[in-house]
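Structure assessment
One-letter residues, chain by chain:
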Number of protein chains: 2
Amino acid sequence: MEEKIEKFKKMIKEKKMIDSMLALLQWDLETQAPKGGYKLISEMIGELSLKSYNLTTSEEFSELLCELKEKEEKIDGILRKEIEILEEEMEKIKVIPSDEYRAYSELTAKAQGIWEVAREKNDFNSFAPILEEIFNYNKKFIEYRGSNSDVYSIILNDYEKGMNIEKLDKFFEKLKSEIVPLLKEVTEKEKKSKENLNFKVDEYNQKMLSEELLKYIGFDLNRGILSESAHPFTLTVNKDDVRLTTRYFENIPFSSVFSTIHEGGHGIYEQGIGDELKETMLADGTSMGIHESQSRFYENIIGRSKEFWFGFLEKSKFKYKELEEISLEKLYRDINEVSPSLIRVEADELTYSLHIMVRYEIEKGIFSGEYSVMDLPKIWNEKMEKYLGIRPDNDSEGVLQDVHWSCGLIGYFPSYALGNVYSVQILNAMKKEMNIQGVLERGELNKIKEWLNEKIHKYGKLKTPKEIMVEITGEEMNPDYYIKYLQEKYRSIYK
Amino acid sequence: MEEKIEKFKKMIKEKKMIDSMLALLQWDLETQAPKGGYKLISEMIGELSLKSYNLTTSEEFSELLCELKEKEEKIDGILRKEIEILEEEMEKIKVIPSDEYRAYSELTAKAQGIWEVAREKNDFNSFAPILEEIFNYNKKFIEYRGSNSDVYSIILNDYEKGMNIEKLDKFFEKLKSEIVPLLKEVTEKEKKSKENLNFKVDEYNQKMLSEELLKYIGFDLNRGILSESAHPFTLTVNKDDVRLTTRYFENIPFSSVFSTIHEGGHGIYEQGIGDELKETMLADGTSMGIHESQSRFYENIIGRSKEFWFGFLEKSKFKYKELEEISLEKLYRDINEVSPSLIRVEADELTYSLHIMVRYEIEKGIFSGEYSVMDLPKIWNEKMEKYLGIRPDNDSEGVLQDVHWSCGLIGYFPSYALGNVYSVQILNAMKKEMNIQGVLERGELNKIKEWLNEKIHKYGKLKTPKEIMVEITGEEMNPDYYIKYLQEKYRSIYK
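No experiment lies behind these values; they were computed from the predicted model shown. (Residues numbered from 1 in each chain as written. Chains lettered and ligands numbered in written order. Predicted model: local features only at pLDDT ≥ 70, side-chain atom pairs only at ≥ 80, totals over all residues. Heavy atoms only, no water.)

**Examining the overall build of chain A**
- Of regular secondary structure, chain A possesses 20 helices and 3 strands.
- Taken over the C-alpha trace, chain A has a radius of gyration of 22 Å; the compact-globule value for 495 residues is 23 Å, and the two agree within 12%.
- Across its three principal axes, chain A shows a C-alpha extent of roughly 65 × 50 × 45 Å.
- For chain A, the proportion of its 495 residues judged to be buried stands at 59%.
- A sequence separation of at least 24 residues applies to 74% of the contacts in chain A between residues at least 6 apart.
- For chain A, the accessible surface area stands at approximately 20,100 Å², while carbon and sulfur atoms represent 46% of it.
- Here chain A holds 72 positive side-chain charges and 92 negative ones, and the gap between their average locations is 3 Å. (Helix = DSSP H or I, 4+ residues; strand = E, 2+ residues; numbered from the N terminus. Rg over C-alpha atoms; globule rule 2.2 N^0.38 Å. Buried < 20%, exposed > 50% of the residue type's maximum accessible area, 1.4 Å probe, protein only. Contact = heavy atoms within 4.5 Å. Areas by Shrake-Rupley, 256 points an atom, 1.4 Å probe, with all protein chains shown as cover. Lys, Arg positive; Asp, Glu negative; His and termini not counted. Charge placed at Lys NZ, Arg CZ, Asp CG, Glu CD.)

**Remarks on helix α19 (residues 465–473) of chain B**
Residue and element names in this part refer to chain B.
- Restricting attention to buried positions, one finds in α19 the residues P465, I468, M469 and I472. Along the axis of α19, the buried positions cluster into a sector of 95 degrees, meaning they face one direction only. Counted as exposed and oriented over 90 degrees from the buried face of α19: K466 and E471.
- G474, located one to two residues past α19, shows a positive phi value of around 85 degrees. (Arc of directions from axis to C-beta.)

**Some points on a negative patch on the surface**
- The grouping of D202(A), E203(A), E228(A), D202(B), E203(B) and E228(B) at the surface amounts to a negative patch.
- Judged by relative accessible area, which is 37%, D202(A) ranks as partly exposed. (Patch = residues over 30% accessible without salt bridge, like charges linked within 9 Å, V, L, I, M, F, W, Y side chains within 5 Å. Salt bridge = Lys/Arg side-chain N within 4 Å of Asp/Glu carboxyl O.)

**Describing the packing of aromatic side chains**
All names here are of chain A.
- Inspection of every chain in the model, using the stated rule, returns 60 aromatic pairs over all chains.
- With a centroid separation of 6.2 Å and an interplanar angle of 70 degrees, the aromatic rings of Y352 and Y416 are classed as edge-to-face. Of the two residues, Y352 sits in helix α14 (residues 349–368) while Y416 sits in helix α16 (residues 414–433), which places them 64 residues apart along the sequence.
- Assessed through its relative accessible area of 1%, Y352 is described here as buried. (Phe/Tyr/Trp six-rings, centres within 6.5 Å; stacked < 30°, edge-to-face > 60°.)

**Focus on the sheet that holds strand β3 (residues 241–246) of chain B**
All names here are of chain B.
- Spatially, 3 strands are ordered β1-β3-β2 in an open sheet, and the strand pairing comes out mixed. Since the sheet does not close on itself, it has two edges, and those belong to β1 (224–228) and β2 (234–238), each with one partner. Neighbour to neighbour, the strand axes of the sheet diverge by 20 degrees on average, direction disregarded.
- Where β1 lies against β3, 5 bridges are found, and the strand directions are parallel. Its bridge partner lying in β3, L226 is registered against L244.
- Here helix α1 (residues 2–31) sits on the sheet in contact with β1, β2 and β3, set at roughly 145 degrees to β2. (Pairing = 2+ DSSP bridges. Axes fitted to C-alpha atoms, helices over the stretch in contact; angles between N-to-C directions.)

**Remarks on the relation of the copies chain B and chain A**
- Screw-axis analysis of chain B against chain A gives a translation of 0.0 Å along the axis, an RMSD of 0.0 Å, and a rotation angle of 180 degrees. The symmetry that links the two subunits is that of a two-fold axis. Residue Y204(B), judged by its C-alpha, is the member of chain B lying nearest the rotation axis, at 3.6 Å. (Least-squares fit on C-alpha atoms with pLDDT ≥ 70 in both.)

**Notes on the interface of chain B and chain A**
- Taken residue by residue, the interface counts 31 residues in chain B and 31 residues in chain A.
- Taking both partners together, chain B and chain A bury about 2,600 Å²; carbon and sulfur atoms supply 65% of that area.
- Among the residues chain B hides against chain A, the three largest losses belong to M17(B), Q32(B) and P34(B). Together they make up 21% of the total.
- Its salt-bridge partner being D28(B), residue R243(A) comes within 2.6 Å of it at the nearest N-O pair.
- For the pair chain B and chain A, the number of links is 9 residue pairs in polar contact (both at pLDDT 80 or more).
- Every element with two or more residues in the side of chain B that touches chain A is listed here: α1, α2 (38–56), β1, β2 and β3 of chain B.
- When residues of the side of chain B that touches chain A are assigned to their parent elements, the largest contribution, 8 residues, is made by α1(B).
- For the side of chain B that touches chain A, the class distribution of residues is 14 nonpolar, 7 polar and 10 charged. (Buried area = accessible area lost by both parts, 1.4 Å probe. Polar contact = N/O pair within 3.5 Å; in protein donor to acceptor, adjacent residues only side chain to side chain. Nonpolar A, V, L, I, M, F, W, Y, C, P; charged D, E, K, R; others polar.)

**Re the packing of helix α3 (residues 59–70) of chain A against helix α4 (residues 77–94) of chain A**
Residue and element names in this part refer to chain A.
- Relative to each other, α3 and α4 sit at 140 degrees, their axes nearing to 11 Å. Relative to α4, α3 is oriented so that their crossing is left-handed. Taking contact as the criterion, the partners of F61, S62, L65, L68 and K69 in α3 are, on α4, I83, L86, E87 and M90.
- Class assignment for the residues of the contact of α3 with α4 results in 6 nonpolar, 1 polar and 2 charged. (Left-handed = near helix turned anticlockwise from the far one by under 90°.)

**Observations concerning the domain arrangement of chain A**
Residue and element names in this part refer to chain A.
- Taken as a whole, chain A is organised into domain 1 (2–147) and domain 2 (165–493).
- With 37 residues of domain 1 at the interface, the matching set in domain 2 holds 44 residues.
- Here domain 1 packs against domain 2, burying approximately 3,500 Å² in sum over the two surfaces, 72% of which is carbon and sulfur.
- Ranking the residues of domain 1 by area buried against domain 2 places W27, F124 and F135 at the top, with a combined share of 23%.
- Our count for the domain 1 to domain 2 interface comes out at 0 salt bridges.
- At the boundary of domain 1 and domain 2, one finds 8 residue pairs in polar contact (both at pLDDT 80 or more).
- Contributing elements (two or more residues each) for the side of domain 1 that touches domain 2: α1 (2–31), α4, α5 (98–121) and α6 (124–144).
- Residues of the side of domain 1 that touches domain 2, tallied by class, amount to 17 nonpolar, 9 polar and 11 charged. (Domains from an automatic or database assignment.)

**Points about the pairing of strand β3 (residues 241–246) of chain A**
All names here are of chain A.
- Counted residue by residue, β3 has 6 buried out of 6 residues, so it is predominantly covered.
- Here β3 shows no split at all, with D241, R243 and T245 on one side and V242, L244 and T246 on the other all buried.
- Pairing of strand β2 (residues 234–238) with β3, which is carried by 4 bridges, proceeds in the antiparallel orientation. Across the sheet, residue T234 finds its bridge partner in β3, namely L244.

**A short note on the side chain of S20(B)**
- Inspection of the secondary structure assignment puts S20(B) in helix α1.
- Each residue touching S20(B), except ones within four places of it in the same chain, is listed here: L40(A), M44(A) and V237(B).

**Overview of the sheet that holds β2(A)**
Residues and elements named next belong to chain A.
- Taken in spatial order, the 3 strands make up an open sheet running β1-β3-β2, and their pairing is mixed. Single-partner strands in this sheet number two, and they are β1 (224–228) and β2. Along the sheet, successive strands turn relative to each other by an average axial angle of 20 degrees, direction set aside.
- Most of the contacts of helix α9 (residues 203–217) go to β1, to which it runs at about 150 degrees, and overall it touches β1 and β3.

**Brief notes about the pattern of salt bridges**
Residue and element names in this part refer to chain A.
- Inspection of the entire model under this criterion finds 96 salt bridges over all chains.
- The salt bridge partner of E488 is K484, with a shortest N-O separation of 3.5 Å. With E488 and K484 both in helix α20 (residues 479–493), this residue pair falls 4 residues apart, about one helical turn.
- Connected via shared salt-bridge partners are E47, K51, R102, E106 and K110.

**Examining the packing of α1(A) against α1(B)**
- At their nearest, the axes of α1(A) and α1(B) sit 11 Å apart, and the two run at 75 degrees to each other. Looking at the two axes, α1(A) sits roughly perpendicular to α1(B). For the pair α1(A) and α1(B), contact is made by L24(A), L25(A), W27(A) and D28(A) and by L24(B), L25(B), W27(B) and D28(B), respectively.
- The class makeup of the residues in the contact of α1(A) with α1(B) is 6 nonpolar, no polar and 2 charged. (Parallel < 35°, antiparallel > 145°, perpendicular 65-115°, else oblique.)

**Quick word on helix α12 (residues 306–315) of chain A**
- E307(A), F308(A), W309(A), G311(A) and F312(A) are the residues of α12(A) that are buried.
- Those residues of α12(A) that are buried lie in contact with α9, α10 (253–271), α11 (288–302), α13 (328–335), α17 (436–441) and α18 (445–455) of chain A.

**Notes on the side chain of S229(A)**
Residue and element names in this part refer to chain A.
- By secondary structure assignment, the location of S229 is in the loop between β1 and β2.
- The class of S229 is buried, set by a relative accessible area of 10%.
- There is a polar contact of 2.7 Å between the side chain of S229 and the backbone oxygen of H231.
- Among the polar contacts listed, one links the side chain of S229 to the side chain of T245, at a separation of 2.7 Å.

Structure (structure tokens):
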């Protein structure tokens, strides 16, 4: 038995090393590789993905898992959970022919470069065939699994266990029925503009502030880096090497601020995974919904609070000099200005979920066959007009704005909305144990990080999202708190 | 036969892909990985090096080479040369036990991080044990080959075919006997300082200029990138992805200028390798001596000429504004100021070779057993005093200044001196076919690049250094031209 466990650990080590190499190649491709390098690096990604596939689906590995499972009583909880997760992964991928698995990995690696250029040049047509291929592969891979459920429901369940179209339809219906009137109420009160915050800050100084913010919220820059990319993201090599990106617009200095804090939230989660999980399959966030709860918690609940900025402006070594001329009250109002806008990652909390709805409905429509990829620009713009009352002038600010689909992250977007909902439930639980306002005003961000480390991060994948939520808050996901939070916050700002 | 060639090509493709992945990991480690990431990335490098080792030394591969060689008349020159190079590589590494090969790869990956910290903290002792280990491995690996020659001579020959201690002793003796008096003559004429050039330029603007310079000399930024590292270097993923680094000191803006042009020279070489060699083992510079001839050619012969700066200041879109206030004559004098200094990469052309001598003598002394690693700081400082008349205050500016030994690049330094010598021979040949001054003044740097592409770059490893030099210049390496070049150039500046 000892021997088998050793063998298992060795195989996991190998698998994790391949996955870490894949992460580094992905990182390279998205943050710095020259155009000439895309081809070879995509090939490498294809090659390594195949290696990972072969390892995970090998007879040897599968037998080993069976043998270990037979003597489950002799193995610890971590190992049991690893086996469970690996079996799920095997089930999903072993039905895919290896050449298709490899081709898809290579395709999504290449697609990001193509998306980036298409977005730059506002040229949806150059991206559409690839996007169609990606959707088709996703559909095919799910169909290989031979389930009776709807394809999109299975995809949603892969991201967040228990999710399906029915539940999400209800969820978004509820959000819509509450948020759309609230949005109307608020925007009728007052027309504001963020002009105060749109001073010019050069890239270098934005970078300085971003790094200062990361340190301030507790992201460890000895075990991570901040870089740049067309679309901000977080990537984990392992818990001691967590990589974030942001992006700098000279005339919108708060864009990088909130992107950085958002990714910082993801990064703090990854850095906080328990040391005992480091060499295991559990060294990762438990679901994308919980992951987004951490990023959105830091970005919105912390990062858009008055107390956070009070503390930061008092304590930080570096800040934009322009901020010294703005009162805290004004800053708070401005960073919470509600105004329908085109770009999701720049959206305020109230309109944000509507952006997610647009994407959710489009994904659903593609899989049901209602929509075709070629029509997406039109569909996108119509939905934006319907839900947000504004229409993009071009696809770069419309259907081409997000990197996700090019990476094959289809079904991911609802995680953001779930994350928002979770984040408020987490906030309420935290409030019972901590004077959050005081902590923020005194700049004791470590206390918040430690609380999250202890209740969420350290468990990695050892606990399910549901287990975590029930343990912390006493109940499962419940959007009521989120809606209440939005109502209270924005009615108090827009009196 | 066709089948065997196909199989060979497939194996080469695999080998090259592993090597490219290694290059990317190396790049990551040296340019951006957080401290927490060193361990895992070093392990990956060890793992992949072992894979490369196993492939290269496999029975299967070796048999394939034999079979192909038996029918040499049926294969083309490229394939023949590939086989020759692979056989040499196999001979060198197959005698090394695989665990030692892997351990050494991991060690040199780790060592760079340790060197970087040691240099930052001016703490030779923290680096010394690793350095000793690296020297010992190098010695052991050579001894495994069971040759009767002196260990250091074999190492020198590995870098530049035909080199050995005897030849290099003579070579340096000659340089010393001519350069030391010339240095004395020149520095007695006039005491100058580079004050004019040491204005302050922030990192961002230095970066802008570096990129402008690279484009200007013909480095293709669609097929390469410029980044930063503790010590500038060039790394090739493949000819369409060539990566350079430089470093920025706010108060020494010309440090990045010449580092960038130097690495640009390496990069232009790699980007210029013939397309037909891309998938082969020949897609690389033919030797480090010839490689350094290209970097030193661009850095010194081009980059420190009056005509280059005339053209650049006329044509470039971006330049340091301070340069507008300096006359061309003054700029030329300042960038060619002769003054013994501590840092090799900042050294003027006259003192440069003396820096190399210090390193050459130290390496020789370590292998002969005359010197011990622990004594290197003392030995370094004594030699600096002896040859250059100055003594470092600390090891960061002394024995710790170069990255090379930490990477296992022992025996590399003489390549720089050979590169200088080659570069002047190449200059003389180019002069016969081109009005270089006119070309530079008109900013037609592409003509120079194309000449070098045609005569040197495109051949990759298809021709030996000797073949290249004889074809271009009619003779082998000959230091006389270099000495004459230095005498003429510096006697005309220091009249």
